[in-house]
Amino acid sequence: MAVAQISSLDSFRSGRRLAALLRGHDDVAAAVQTARTALQRTGWFDHLAVWDEAVHALFEANLGQAVVQGFLRLSEQWPAQRSADDLIAIGRAVRDIGCGAGSRVAHALLTELSKVLPRLAGAGELTAVLAALDELAATGPESAGLAIGRLGQFLTHAGGEEFAAWVSAGLRASGSRASRRRAYFALDDQLSAQLFAAGRSGDDFARLEKRLAATTIALWNRKPRFRKLAVAPTPVPRRTSLAAGLVGLPQTFPGFEGEAADAVYLAAVSHAGAHLVHSTVRFPVRRLKALQIALVSLIEDARVEALALYQMPGLRRLWLPFHSATPAGQATAAGLMMRLARALIDPDYQDPDTWVTKGRTLFAAAAGRWTDPAISREIGGLLGNDIGQMRLQFNAKSYVVEPAYRDDNLALWDFGDQRDSPAETIELAVDSVRIERRDDAGGQPADDNARPDETLRAKASAVTLLDGFPVATYPEWDYAARTERPDWTTILEADAAVSAQPFDSSTDADAMRWITELTRDASIGRRIRHKGQRDGDALDIDAAIALTIERRTGNISEPRVYQRDAPGPRDLAILLLLDLSQSTADRDRRGRTVLDVERKAAAIMAAAVEAANDAIAVHGFSSDGRERVRYLRIKGFAEPMDAVVRSRLAGLGSSHSTRLGAALRHAGGYLAERRAFRKVLLVLTDGEPSDVDVPDRQYLVEDARRAAQQLRRRGTDIFAFGIGEHRFPQLDRIFGERYALRVPRIEVLPQRVMQLYAELKK
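Cut-offs and rules
- Residues numbered from 1 in each chain as written.
- Predicted model: local features only at pLDDT ≥ 70, side-chain atom pairs only at ≥ 80, totals over all residues.
- Heavy atoms only, no water.
- Helix = DSSP H or I, 4+ residues; strand = E, 2+ residues; numbered from the N terminus.
- Buried < 20%, exposed > 50% of the residue type's maximum accessible area, 1.4 Å probe, protein only.
- Contact = heavy atoms within 4.5 Å.
- Salt bridge = Lys/Arg side-chain N within 4 Å of Asp/Glu carboxyl O.
- Phe/Tyr/Trp six-rings, centres within 6.5 Å; stacked < 30°, edge-to-face > 60°.
- Lys NZ or Arg CZ within 6 Å of the ring centre and 35° of its normal.
- pLDDT = per-residue confidence, 0-100.
- Axes fitted to C-alpha atoms, helices over the stretch in contact; angles between N-to-C directions.
- Parallel < 35°, antiparallel > 145°, perpendicular 65-115°, else oblique.
- Left-handed = near helix turned anticlockwise from the far one by under 90°.
- Nonpolar A, V, L, I, M, F, W, Y, C, P; charged D, E, K, R; others polar.
- Pairing = 2+ DSSP bridges.

**Q** Let's hear about the overall build of the chain: which residues, and what values?
**A** Across its full length, the chain holds 27 helices and 16 strands. A burial count over the chain gives 50% of its 762 residues as buried. Taking all contacts inside the chain whose residues are at least 6 apart in sequence as the whole, residues at least 24 apart take part in 71%.

Have a look at this one:
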């Protein structure tokens, strides 16, 4: 009882302080009283004092009366079953976000939260959203409004924590550049659109691709060529697309998870197969309106499905669950089309609308001509005229084919010679993929068998010849968003510059003699088994049986019944990757730089490996942002360790940063081209990954770790030497504890490198 009295007293005092603050602001004071009364009815006596403080702080933030009134309306309508702490957290977050990004953003947040609050019912989801927006308002206030505007759309297929991860990924990806932030949160950025669309669903296409291919072969006896559609930066949901012999499928169907996702993909490829078999002609667009094109496409969808159901009635169980339209609400063109689509596949569906009934009647009357695609044009044209007379509006830009398993229907139409005409002419299904056939300079068409969207060629723009030529792009792993950013880094590759004075390693004669002795008798590779020997390590069973048979038949031959294993040809390929970042110019107490020691180790190791008849290449790297990862070829696998290579070593310099993951992927590509029994990538570095456009050091560490893991799965061994007195806490994380070696005294690096080589040769 005493606690209740204290709580009531606090509420009374806070109410009086708030009333005093609002003196002269009668409208706000009245709204406060109304909201307070509503909260009291829900039993909020213990929280009223804290709520008063939240309103007090919001008013004093000077964000305008509209913001305060918006919070009060939200409080008045607050559901009784919802926690009071959530409402108070919203009030505090609106104040903080408004102070960082302005009153308009604060008001937009309140408006959006009033709509999406039921979708943020999970534990911590609202907190995650508010914290993410608060961080965005503090770091990139110009983009906070853009992110808030996407909140409702995002929550249709994902949760609050996924939204927070999307915001966090945008802040890391854009760094301190406001233009990049605006592009990301406006969905003008490919990574942003991909993360935005994927939500928590992941990559369902990759998970189901083999099953979908088997389904298509089983149903239609067609071997499909699938293509994963890039995520479009538009709010229109992605649909299947058929073009140029490919079946394009989205990475994920928003709103479908688990078994529902499996079902919609199976329905989609089954419907696409029906088009591949039965849609034998393309309709000329000419001067058709967008509504007429949409209706003809709808009838064509129903026609090919009717033919498929005649052959395989069981497909109805696959398609029908996605037809959920019912005769309810105000009639719209898009709504009537959804109802007609269901009426044409569901014989039990009843619809009182005369237009839907007419469409069903016309389609049934043409049953004898279902094999003729012309009926789709005829029926669609008649129904389009009726819609026009009904004066129902049709928005081609927002129209999307329903149900979700059906394709965008662009493959049904002949747009003439203008390759870009679909978007300008009909503005239909803006979220679609157009696969254009382009000719190169020689007049040869593009290779249809090439895997789309996986080219490693980069655009040669805004780079200098000194940096090298752009030769490849690679993905990068975002550990927080748990996704790969496709084509995120660009490799600029060049031969290392030649110095006028070659690198002199004559002082290492003693080291070279030691190395030669160490590696002379070492070998690695496939062991060759010699059978039928006079002596050996084991018995040759086949030879022993043959000798026994010969002796029983009276033949006498030499007893060669042993086998011996001997080392095969040496078969080792090593790529030595040198860190050339600015920190390698640091000197130790004797004036030696890390780069000097790296040069020395590379020269000694290259000479020794050649002496042992193994293959070695020496490359170096540094970076100046994700679009300028410089990669230098110092020695190729086929090049001898001669004066030219030594001159390149002497010409190396230290500059910029250490984007390790991209360099590992590119170096791994060189090793993948080598035919060798064992492939080894050896990294010499004096620091951990970093770059000018990445404030989060852990981001590049996790990306490098993923790159190393991917290379190991492909059969490449990776080792790294951390050079210098640094502790290198992340080296074990990237390469693994067994494969990360420390060299505190830089002068012993050549010896440590050769000891590792000797171990590899055993």
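**Q** Can you tell me about the pattern of salt bridges, naming the residues and giving the values?
**A** Across all of its chains, the model carries 30 salt bridges by this definition. Of the charged contacts in the structure, one is a salt bridge between arginine 369 and aspartate 372, with a shortest N-O distance of 3.6 Å. Arginine 369 sits in the partly exposed class, given a relative accessible area of 37%. Using a relative accessible area of 31% as the deciding quantity, one classes aspartate 372 as partly exposed.

**Q** Kindly report on the environment of valine 269, identifying the contributing residues and their values.
**A** Mapped onto the fold, valine 269 is located in helix H13 (residues 259–278). Setting aside its immediate chain neighbours within four residues, valine 269 contacts Leu212, Thr215, Thr216, Trp220, Phe226 and Leu249.

**Q** Before we move on, can you summarise the packing of aromatic side chains with the specific residues and values?
**A** Applying the stated criterion to the full structure yields 13 aromatic pairs. Among the aromatic residues, those joined into a ring-pair cluster are Phe163, Trp166, Tyr184 and Phe185. Sitting above the plane of the tryptophan 477 ring, arginine 706 keeps its charged end 3.9 Å from the centroid. Geometry around tyrosine 739 places arginine 712 over its ring, the cationic atom sitting 4.3 Å from the centre.

**Q** I'd like a rundown of the confidence of the model for the chain, residues and numbers included.
**A** For the chain, mean pLDDT is 78; residues scoring 70 or higher make up 80% of the total. Scored below 50 in pLDDT, residues 1–7 makes two contacts in the model with residues more than four places away or belonging to other chains. Predicted confidence for residues 521–525 stays below pLDDT 50, and this span has 17 contacts to residues more than four positions away or in other chains.

**Q** Can you lay out the packing of helix H5 (residues 84–101) against helix H7 (residues 125–139) for me, pointing to particular residues and giving the numbers?
**A** Packing of H5 against H7 brings their axes to within 9 Å, and their N-to-C directions diverge by 15°. Classified by the angle between their axes, H5 and H7 sit roughly parallel to one another. Here H5 and H7 pass one another in a crossing that is left-handed. Across from Asp86, Ala89, Ile90, Ala93, Asp96, Ile97, Gly100 and Ala101 in H5, the residues of H7 making contact are Leu126, Leu130, Leu133, Asp134 and Ala137. Within the contact of H5 with H7, the residues separate by chemical class into nine nonpolar, one polar and three charged.

**Q** For the side chain of arginine 406, give the residues involved together with the corresponding values.
**A** Here arginine 406 is to be found in the loop between helix H18 (374–390) and strand S5 (413–414). What arginine 406 contacts, discounting residues up to four positions off in sequence, is Arg239, Thr240, His271, Leu298, Asp301, Ala302, Glu305, His323, Ala341 and Val401.

**Q** Tell me what's going on with the pairing of strand S13 (residues 629–635), and back it up with residues and numbers.
**A** Burial analysis of S13 places six of its seven residues in the buried class, the great majority of the element. Direction of pairing for strand S7 (residues 483–495) relative to S13: parallel, over a ladder of five bridges. For leucine 492, the partnering residue across the bridge sits in S13 and is arginine 630. As paired strands, strand S12 (residues 615–623) and S13 are joined by six bridges and run antiparallel to one another. Considered in S13, the bridge of serine 622 is made with arginine 630. As consecutive antiparallel partners, S12 and S13 are separated by five residues, and within that stretch glycine 625 has a phi angle of approximately 95°, a positive value.

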